[in-house]
Amino acid sequence: MSTVLQSYIGGRWVGAQPAQALASAIDGRVVAHTHAERLDFGEALAHARTAGVRALLALDFQQRAQRLRALAAWLTERKEQLYALSHHTGATRHDGWIDIEGGTGTLYAYAGMGANELPSGNVVHEGPAVPLGKQGRFAGTHILVPRRGVVVHINAFNFPVWGLLEKFAPSFLAGMPCIAKPATATSYLTEAAVRLMTESGLLPEGSLQLVIGGTGDLLDRLDGQDVVTFTGSADTAATLRAHPNVLRQGIPFNAEADSLNCAILASDVTPDDEEFDLFVKEVHREMTVKAGQKCTAIRRAIVPRRLVDAVASKLRERLAKTVVGDPSIEGVRMGALASKAQQRDVAERVAELARGNRIVYGEADGFAPKGERTGDGAFFAPTLLLCERPLETASVHDVEAFGPVSTLMPYDELDEALAIAARGKGSLVGTLVTKDPAVAAKAIPFAAAWHGRLLVLDREAAAESTGHGSPLPMLKHGGPGRAGGGEELGGVRAVKHYLQRAAVQGSPTMLAAVTGEYVRGAKVQESEVHPFRRHFEDLQIGDSLLTHRRTVSEADIVAFGGISGDFFYMHFDEIAAKETQFGQRIAHGYFVLSAAAGLFVSPGPGPVLANYGLDTLRFVKPVGIGDTIRARLTCKRKIDRPTKKDQAPQGVVAWDVQVTNQHDELVASYDILTLVAKRGA
Ligand code: NDP
């Protein structure tokens, strides 16, 4: 690694002159310098807006998902290069795993979501279209398209790799180029990750740029197509959110800020319960993993008054056994804070918290980090405080010591515990440990108003629990109020932050053309060739088949009952059926479904390889004995999937099916999902 870090701007690495020295959190030795050269943010933005947007939109959602998967594999193969630097940030191997493999895991997760949930092309149809006129000639729907600007991702120091990748993955998938600005203190690790990413050859030109150091006039140069995302302190979030240009141009600003997350031990739990130990373990883990430098860490442990001493004593025991020191030494479980500046900051915050509250475990309990020169590092003693009157003490709900620090808070009634939790004024995550589903049913909906994510922990969940502190790609990360009011991750929701939603009105035919999906009422193409006989490439949206008819007889109902074993009274009991809203026996809905398949399939072997399910099934009207049904099958949506190893080339085709009766009334409606072979297969 060069000792001078470089920014990656305009497709080239910039920086040769050293500026700020960045010290190892372990022993204070200089790891790298930032560069002194000023960056031309005009150039960076122009590069992203022209080359970046062009190259990203030359690919579609499916192809970008494929790139993400390849990138994840590329980084995974080279992860040891990142681990080699990670310990300088104060991280243990386990802390590094959260950062590095948590980051690549997020890339994999978004690759999967992109492949499974996003279309081919660059338009997401957020249907269904709604009719706006009585004759079915005018309708409205929504589409989502990539914003044609740049995302500026500003990150915190605590997760130099995960922070980069969890923001990059959804914006890349959405098709927006990004400029990543890591926190300076640990930017050497982010720089190493970006170098690997650029070396992969998988990044389209201009899709990722890196800023080492300050952002200069970058925010002044943004416009209404751009987005800013931020993770860090609530103060910086407030400053950047109110940046005049961000306000003036209506630039979306997503913030994930520090929050005073809590864990509540419910009063149904006794010290003999497994749940008691689960609570203690969770608080201990959140205090010590990453030396407590997690935005999700438990800062407030809310426990029944009668259990305070028992919880405090168990936590003291565990903390006393936690070996702190240089992570390269065998047996070390907790590393250092990220920098000397953080060490000073946490010390000041602990001093503030200690005013009026008691330290029940801390530096005085024999703190001696293991390893040579750790005195020059940024180590901090795990510190547990006790606040006797949490509802009357403001500091414990306001002051965040971003380190291995947590405060115990007693309560008498569940309502009081919930009121204490809410005093955090908005948190990323909260945990409730209880054995009682009734407690969860009362507490969680109340607490949800103040929390981004809630974990209910009991012995059943414990075996597989991912823990209080771990944001997951498929679940929302971000909380209301003090936590910044933003949302990250949460599956494909995160991709939608970078897509612009527009309502579109017009005839169904026009809406089908715009969305790339068949919309009911749009013109269709019928031909002599059955749609099931066409290969993936030859199928057009709107290719349609109107089947012959079939009159439903009593024999059909009896036969279907015999085959399925479904003798429900509605189909077999004339007297009971007469008393229902239908006034007669009706055919099984699943018979209608099966009969429709019999009407529309083309039975011989052909390009349709499999039927893997159906969506949005509705039995709209009953089908009685003597009714005559027919089906219309229309090619609705095509997703061109990359071919997997050992698999014949194929794509996904969704078909719109409408089953109607002799009065042309819709009786059943659904989409069927098939895999269709490509021509060369
Ligand atoms: P900051 O809010 O100071 O910094 C976060 C990011 O914002 C960094 O990349 C920083 O860059 C950048 N930044 C700061 N000021 C500006 C600005 N005016 N314009 C553009 N970018 C800016 O947080 P820190 O990382 O210094 O941590 C401070 C505190 O924040 C911690 O002690 C903790 O309380 C909290 N925190 C919360 C986290 C969370 O995930 N919610 C994570 C980490 C910290 P630079 O590093 O170059 O200053």
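This one's a predicted model, so the numbers in the text were calculated from it and none came from an experiment. (Residues numbered from 1 in each chain as written. Predicted model: local features only at pLDDT ≥ 70, side-chain atom pairs only at ≥ 80, totals over all residues. Heavy atoms only, no water.)

Caption draft 1: Layout of the overall build of the protein. Looking only at helices and strands, the protein has 21 helices and 27 strands in total. Judged by the C-alpha coordinates and their principal axes, the protein covers about 85 × 60 × 50 Å. Looking at the 681 residues of the protein, the share that counts as buried comes to 55%. Sequence separation of at least 24 residues holds for 75% of the intrachain contacts in the protein that already meet a minimum separation of 6. For the protein, the accessible surface area stands at approximately 28,500 Å², while carbon and sulfur atoms represent 52% of it. Each charge class in the protein was averaged separately, 73 positive and 76 negative side chains, and the resulting centres sit 4 Å apart. (Helix = DSSP H or I, 4+ residues; strand = E, 2+ residues; numbered from the N terminus. Buried < 20%, exposed > 50% of the residue type's maximum accessible area, 1.4 Å probe, protein only. Contact = heavy atoms within 4.5 Å. Areas by Shrake-Rupley, 256 points an atom, 1.4 Å probe, with all protein chains shown as cover. Lys, Arg positive; Asp, Glu negative; His and termini not counted. Charge placed at Lys NZ, Arg CZ, Asp CG, Glu CD.)

Caption draft 2: Main features of the site of the ligand. In the neighbourhood of the ligand, 24 residues make up the surrounding shell, with Asn155, Thr184, Ser233, Thr236 and Glu400 lying closest. Between an oxygen atom of the ligand and a side-chain N or O atom of Lys181, the distance comes to 2.8 Å. Ala183 is positioned such that a nitrogen or oxygen atom in its backbone is 3.4 Å from an oxygen atom of the ligand. Across the complex, the protein chains shield 78% of the 870 Å² of accessible surface that the ligand would expose by itself. Where the shell around the ligand is concerned, the elements lending two or more residues are strand 10 (227-232), helix 7 (234-241), strand 11 (253-257) and helix 11 (340-354). When its residues are assigned to classes, the shell around the ligand shows ten nonpolar, nine polar and five charged. (Near = heavy atom within 4 Å. Polar contact = N/O pair within 3.5 Å; in protein donor to acceptor, adjacent residues only side chain to side chain. Nonpolar A, V, L, I, M, F, W, Y, C, P; charged D, E, K, R; others polar.)

Caption draft 3: Representation of the nonpolar core. Residues Leu68, Leu107, Tyr110, Phe168, Met197, Leu208 and Val495 are the most contacted members of the largest nonpolar core, which totals 57 residues. The biggest single contributor to this core is helix 5 (residues 162-174), with eight residues. Residues in contact with Leu107, not counting those within four places in the same chain, are Leu68, Leu71, Ala72, Leu75, Leu165, Phe168 and Ala169. By size, the runner-up hydrophobic cluster in this structure holds 36 residues, among which are Ala266, Leu353, Ala401 and Met409. (Core = buried A, V, L, I, M, F, W, Y, C linked by side-chain atoms within 4.5 Å.)

Caption draft 4: Representation of unusual backbone geometry in the model. In this chain, Gly127 is followed by Pro128 through a cis amide linkage whose omega measures 0°. With a phi close to 60°, Arg373 is a non-glycine residue in the positive phi region. The phi angle at Asp664 is positive, at roughly 60°, despite the residue not being glycine. Tracing the backbone through its elements, the reader meets Asp664 in the loop between strand 26 (650-660) and strand 27 (666-677).

Caption draft 5: How the structure looks around the environment of Gly52. You can see Gly52 is positioned in helix 1 (residues 41-57). Given a relative accessible area of 0%, Gly52 falls into the buried group. On a C-alpha basis, the gap between Gly52 and Gly149 in space is 9.2 Å, while along the polypeptide they are 97 residues apart. Among residues more than four places away in sequence, those in contact with Gly52 are His47, Pro177, Glu205, Gly206 and Ser207.

Caption draft 6: Spotlight on helix 10 (residues 308-321). In this model helix 10 runs 20 Å from its N-terminal to its C-terminal C-alpha over 14 residues, within 8% of the 20 Å that 1.5 Å per residue would give. Taken together, the buried positions of helix 10 are occupied by Val308, Val311, Ala312, Leu315 and Leu319. Viewed along the axis of helix 10, the buried residues span an arc of 95°, placing them on a single side of the element. For helix 10, the exposed residues lying more than 90 degrees away from the buried face are Asp309, Ala320 and Lys321. (Expected span 1.5 Å × (residues − 1). Arc of directions from axis to C-beta.)

Caption draft 7: Geometry of the pattern of salt bridges. Tallied over the entire structure, the rule returns 36 salt bridges. Measuring nitrogen to oxygen at the nearest pair gives 3.0 Å for the salt bridge that ties Lys442 to Asp415. Residue Lys442 is located in helix 14 (residues 437-447), and its partner Asp415 is located in helix 13 (residues 414-422); the two are separated by 27 residues in the primary sequence. If you follow the salt bridges from partner to partner, you end up with Asp273, Glu275, Lys435 and Arg459 in one network. (Salt bridge = Lys/Arg side-chain N within 4 Å of Asp/Glu carboxyl O.)

Caption draft 8: Fine view of helix 6 (residues 187-199). Here helix 6 spans 18 Å end to end across 13 residues, near enough to the 18 Å set by a 1.5 Å rise per residue. In terms of residue burial, helix 6 counts as a mostly covered element, since ten of its 13 residues are buried. Taken together, the buried positions of helix 6 are Ser187, Tyr188, Leu189, Thr190, Glu191, Ala192, Ala193, Val194, Leu196 and Met197. Where helix 6 ends, the next residue or the one after it, Gly201, has phi of about 75°, a positive value.

Caption draft 9: Expanded view of the sheet that holds strand 14 (residues 358-361). An order of 14-15-16-13-12-17-18 is seen for the seven strands of this open sheet, with the pairing classed as mixed. Looking at the sheet topology across the chains shown, the edges are occupied by strand 14 and strand 18 (451-457). Along the sheet, successive strands turn relative to each other by an average axial angle of 25°, direction set aside. Relative to strand 16 (residues 405-411), strand 13 (residues 298-304) runs parallel, the two sharing five bridges. Bridge pairing links Pro304 to Tyr411 in strand 16. In the packing of helix 9 (residues 274-288) onto the sheet, the strands contacted are strand 12 (261-265), strand 13, strand 15 (383-386), strand 16, strand 17 (427-433) and strand 18, and the crossing angle to strand 13 comes to about 160°. On the sheet, helix 14 packs against strand 17 and strand 18 and is oriented at approximately 165° with respect to strand 18. (Pairing = 2+ DSSP bridges. Axes fitted to C-alpha atoms, helices over the stretch in contact; angles between N-to-C directions.)

Caption draft 10: Representation of the pairing of strand 26 within the structure. Most of strand 26 is tucked away, with eleven of its eleven residues classed as buried. Burial of the side chains of strand 26 extends over both faces: Gln650, Val652, Ala654, Asp656, Gln658 and Thr660 are buried on one face and Gly651, Val653, Trp655, Val657 and Val659 on the other. In this structure, strand 25 (residues 628-639) lies alongside strand 26, joined through nine bridges in antiparallel fashion. If you follow Lys638 over to strand 26, its bridge partner there is Val653. Sheet topology note: the strand 26/strand 27 ladder contains eleven bridges and is antiparallel. Across the sheet, the residue bridging to Val657 is Tyr670, located in strand 27.

Caption draft 11: Geometry of the sheet that holds strand 5 (residues 124-131). Spatially, 5-6-21 is the arrangement adopted by the three strands of the open sheet, whose pairing is antiparallel. Pairing within the sheet leaves two strands with one partner each, and these edge strands are strand 5 and strand 21 (499-506). Across the sheet, the axes of successive neighbouring strands diverge by a mean angle of 20°, strand direction being ignored. Sheet topology places strand 5 next to strand 6 (residues 139-146); five bridges connect them, and they run antiparallel. Bridge pairing links Val124 to Leu144 in strand 6.

Caption draft 12: Region of the structure containing the packing of aromatic side chains. The final tally for this structure, using the stated rule, is twelve aromatic pairs. With a centroid separation of 5.7 Å and an interplanar angle of 70°, the aromatic rings of Phe159 and Trp162 are classed as edge-to-face. Residue Phe159 shares its accessibility class with Trp162, and that shared class is buried. With centroids separated by 5.9 Å and ring planes inclined at 85°, the aromatic side chains of Tyr590 and Phe619 adopt a geometry described as edge-to-face. Of the two residues, Tyr590 sits in helix 21 (residues 589-600) while Phe619 sits in strand 24 (residues 608-619), which places them 29 residues apart along the sequence. Members of the aromatic cluster, joined through ring pairs, are Phe532, Phe600 and Trp655. A cation over a ring is seen here: Arg64 above Phe61, with NZ or CZ 5.0 Å from the ring centre. (Phe/Tyr/Trp six-rings, centres within 6.5 Å; stacked < 30°, edge-to-face > 60°. Lys NZ or Arg CZ within 6 Å of the ring centre and 35° of its normal.)

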